[in-house]
Amino acid sequence: MGALAIKNVTKSFGDTHILKGIDIEIDDGQFLILVGPSGCGKSTLMNIIAGLESPTSGEVHIGDRIVNDVAPKDRDIAMVFQSYALYPTMNVRQNIAFGLETRGVPKKEQEEVINRVAKMLQMDHLLDRKPGQLSGGQRQRVAMGRALARDPILFLFDEPLSNLDAKLRVEMRTEIKQLHHRLKTTIVYVTHDQIEAMTLGDRIAVMKDGVIQQFGSPQDIYERPSNMFVASFIGSPSMNFIECHLAEQNGQIGVSLTSESDARFVPLKDGAKFAKRVGQEVVMGVRPEQLDVAHGDEMALGCKVMLTEPTGPDTMIFTRINGKDVTARVHPRDAKGPGEVMRLALDMGKVVFFDPKTQLRID
Amino acid sequence: MQSNKLSRFIVYAVLIYFAVYYLLPLYVMLTTSVKTMDEIRGGNLLSFPMHITFAAWSKAWGSACTGVECTGLAPFFWNSVRMVIPAVAISTTLGAINGYILSKWKFPGSELVFALLMYGLYIPFQVLLLPMATTEGWLGIASSTTGLVFVHVVCGIASTTLFFRNFYVGIPDELINAARLDGAGFWRIFWRIVLPMSIPILMVTLIWQFTQIWNDFLFGLVFSAGGSQPITVGLNNLANTSTTVKEYNVDMAAAIIAALPTIFVYVAAGKYFVRGLAAGAVKG
């Protein structure tokens, strides 16, 4: 049995169904990300794991027991809240000690835990301050310290970085990852930020409308998104969706691509897989980096640059293919200015296809 | 520039006018209370006293007649103190607990309970007099200080609950959840987390309840008898007991004595009062 298993969990308020049958199972020590747009049910699921809300049906297993009827405090979990939820009238030391105190940990042991945690998070100098006297980053640190003091079998992080500024967010993200490497405790982490999801997670559950759209490793989700929602939600800039018509030419199955200045038939890598769909409309999903400058004489499409967006390491090129706005990520050295034509090649081994009706990926 | 100065002048003029308007009665009370009857009879209402004497004050406190007895306000004052302390403490405590439950431990129907409680704010107290008198009779606490405390607690709960509930709505639920995960229960969260955060609203409620209960005349008149009458009733009796002459200086001194505790409470806790009201307004 893994560290956490969620079995067919649903949550409804009357006719409003927040969660519609969630199944997730992760192993000991894994870092699980629940990601999705606001209102997708990820925070509700987190609260159900914590025991702050109870599921309408289904089971939650933590460790080797079913915890549906176990009070939050007895689930052996610790949680870091979005607003940090530090007790404002207590100083940092008292904040960390509170959970130990209610559990009847002796004073001397409390001191040891506080010192250990303070050292681990480098906040010795903050122990006697009140939360109001701390910066956002320091509060975040204290909130994590409070969770660490408990040494639980499961950590829950509820959008812990969303109140920090961009720079601090990146720093704390790295810090959380290091912490996980060191502690090897199972973590469930809720976020709406796909970059946090990709960088931190061992396993990602992408959610929308109370349903898990895809559950898998970050790379898997990035490369083989199960539907168009996942494909567009994960990755920045978003995946390009190019509507095209599957056809057969000279015994090869492929798609016709038209730009403002060029048109070309591009054969698929394993065309045979798509034999049944010849003659149908499909949506081709192309990541911006899969549309790169053609250096050799490979199959390439001349595209007129509409706009460029230099980001430093890469330059984003905006153009049109099959009447859709498309973004390409190229090396700054290769980028041309607006109005000029660039020869762009598709990485046909990596592009994915979706059914325009069901929005599901075609295998 | 010129019009700016003019508008400033008008603003100040209006403000000063109203300040004087409200301070004048206090001035008259204070000066009259330290004048002798001769001076009051002979002089101007607004004139400053020529010889300051506290004779009227000591008479009002210790020997003025309030009906047949001539004991001054002192016994009434202590009656009020004996009534106001438990009444304020109990109604505030219940309000805090009610507010805590109605905002952080909602149960099915808790919104309805809150809505019904709020009716208490709109019920004119006069309609309560007869049923309350009957109830007190059943309980065997009629015409006693305990009975008065009971009435004030019952009638105060609506407003104290409203104050605390609106304040606690502004406390993030995450804080309560964090404490629950930390292993704290209902009472521990209340004592250790919520109550220490409640100082501003506690002050607001204390001042409010103290003022209401101390200044109450209606319940004091109806629900108390000789030995338990509060100071408002004492003041009324003192002012209405006519001997040969009306002693304005004694009346004024008595009125100020009756008002002093509320002034004291407001001055002592007033900065929290304003702060608490503002905090409640922004968060609630």
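Residues numbered from 1 in each chain as written. Chains lettered and ligands numbered in written order. Predicted model: local features only at pLDDT ≥ 70, side-chain atom pairs only at ≥ 80, totals over all residues.

Our focus in this paragraph is the pairing of strand β16 (residues 301-304) of chain A. All names here are of chain A. Every second residue of β16 is oriented toward a common face, the buried set being L301 and C303 and the non-buried set G302 and K304. Taken together, the 4 bridges between β16 and strand β20 (residues 341-346) define a ladder with antiparallel strand orientation. Each bridged residue has a counterpart across the sheet, and for L301 the counterpart in β20 is L344. (Buried ≥ 20, exposed ≤ 12 C-beta atoms within 10 Å, placed from the backbone. Helix = DSSP H or I, 4+ residues; strand = E, 2+ residues; numbered from the N terminus. Pairing = 2+ DSSP bridges.)

With that settled, the discussion passes to the UniProt feature "transmembrane region" (unreviewed entry) in chain B. Using the residue numbers shown here, the UniProt feature "transmembrane region" (unreviewed entry) corresponds to residues 9-30, 83-101, 113-133, 145-168, 189-211 and 250-269 of chain B. For the annotated span residues 250-269 of chain B, helix accounts for 100% and strand for 0% of the residues, and the straight-line distance between the end C-alpha atoms is 29 Å. (UniProt positions renumbered as here; feature names shortened; annotations may be inferred.)

With that out of the way, let us pick up the nonpolar core. Core analysis: the biggest nonpolar cluster contains 137 residues, and A:L34, A:L156, A:V188 and A:A205 have the highest contact counts within it. The leading source of residues in this core is helix α7 (residues 145-169) of chain B, at 12 residues. Ignoring any residue separated from it by four or fewer positions in sequence, one finds A:V188 in contact with A:L4, A:L32, A:L34, A:M46, A:I49, A:L154 and A:L156. Core analysis: the next-biggest nonpolar cluster, separate from the first, contains 15 residues, B:L73, B:V233, B:A253 and B:A254 among them. (Core = buried A, V, L, I, M, F, W, Y, C linked by C-beta atoms within 7 Å. Contact = placed C-beta atoms within 7 Å.)

This part takes up unusual backbone geometry. At the junction of A:S236 and A:P237, the peptide bond is cis and its omega measures out at -5° in the coordinates. Its location among the elements puts A:P237 in the loop between α8 (228-233) and β11 (240-249). We note that A:D209 has phi near 50°; this positive angle belongs to a residue other than glycine. Tracing the backbone through its elements, the reader meets A:D209 in the loop between β9 (203-208) and β10 (211-216). Of note, the phi angle at B:S143 is positive, near 55°, even though the residue is not glycine. Assignment of secondary structure puts B:S143 in the loop between α6 (129-139) and α7.

The next subject is the sheet that holds β16(A). Residues and elements named next belong to chain A. The strand order β15-β20-β16 describes an open sheet built from 3 strands, whose pairing is antiparallel. Strand pairing shows two members of the sheet lacking a second neighbour, β15 (291-293) and β16, which therefore form its edges. The average undirected angle you get between the axes of adjacent strands in this sheet is 50°. Of the strand pairs in this sheet, β15 and β20 are connected by 3 bridges, and their pairing is antiparallel. By the bridge assignment for β20, D292 is matched with A345. (Axes fitted to C-alpha atoms, helices over the stretch in contact; angles between N-to-C directions.)

Quick look at the packing of helix α2 (residues 92-102) of chain A against helix α4 (residues 136-148) of chain A now. Residue and element names in this part refer to chain A. At a minimum axis distance of 8 Å, the contact between α2 and α4 shows a crossing angle of 30°. Judged by the angle between their axes, α2 and α4 are roughly parallel. As for how α2 packs across α4, the hand of that crossing is right-handed. Seen from α2, the contacting residues are V92, N95, I96 and G99; seen from α4, they are V142, G145 and R146. Residues belonging to the contact of α2 with α4 are distributed by class as follows: 3 nonpolar, 3 polar and 1 charged. (Parallel < 35°, antiparallel > 145°, perpendicular 65-115°, else oblique. Left-handed = near helix turned anticlockwise from the far one by under 90°. Nonpolar A, V, L, I, M, F, W, Y, C, P; charged D, E, K, R; others polar.)

Next up on the list: the domain arrangement of chain B. Residues and elements named next belong to chain B. Per the domain assignment, the segments of chain B are domain 1 (2-53) and domain 2 (74-283). On a C-alpha basis, the centres of domain 1 and domain 2 stand 33 Å from each other. Of all elements in the fold, only α1 (2-33) and α2 (37-42) reach the threshold of two or more residues within the side of domain 1 that touches domain 2. Examining the composition of the side of domain 1 that touches domain 2, we find that 3 residues originate from one element, α1, more than from any other. Among the residues forming the side of domain 1 that touches domain 2, the class breakdown is 3 nonpolar, 2 polar and 1 charged. (Domains from an automatic or database assignment.)

Right, let's talk about the interface of chain A and chain B for a bit. Counting residues at the interface gives 17 residues for chain A and 14 residues for chain B. Within the residue set of the side of chain A that touches chain B, elements represented by two or more residues are β6 (77-80) and α2 of chain A. For the side of chain A that touches chain B, a count of residues per class yields 11 nonpolar, 4 polar and 2 charged.

The next subject is the sheet that holds strand β2 (residues 16-26) of chain A. All names here are of chain A. Read across the sheet, 4 strands follow the order β2-β1-β4-β5 without closing on themselves; strand pairing throughout is antiparallel. Two strands in the sheet have a free side with no partner beyond their single neighbour: β2 and β5 (65-66). Two strands pair when backbone bridges link them, and strand β4 (residues 57-62) and β5 are joined in this way by 2 bridges, in the antiparallel orientation. Considered in β5, the bridge of H61 is made with I66. Contacting β1 (4-13), β2 and β4, helix α1 (residues 42-50) runs over the sheet at an angle of about 60° to β2.

Residues and elements named next belong to chain A. Inspection of the sheet shows strand β17 (residues 307-310) paired to strand β18 (residues 315-321) by 4 bridges, in the antiparallel sense. Considered in β18, the bridge of E309 is made with M316. Hairpin connection of β17 to β18: 4 residues between the antiparallel strands, including G312 at a positive phi of 110°. Linkage of β18 to strand β19 (residues 324-330), two consecutive antiparallel strands, is achieved through a turn of 2 residues, within which N322 is found at a positive phi near 50°.

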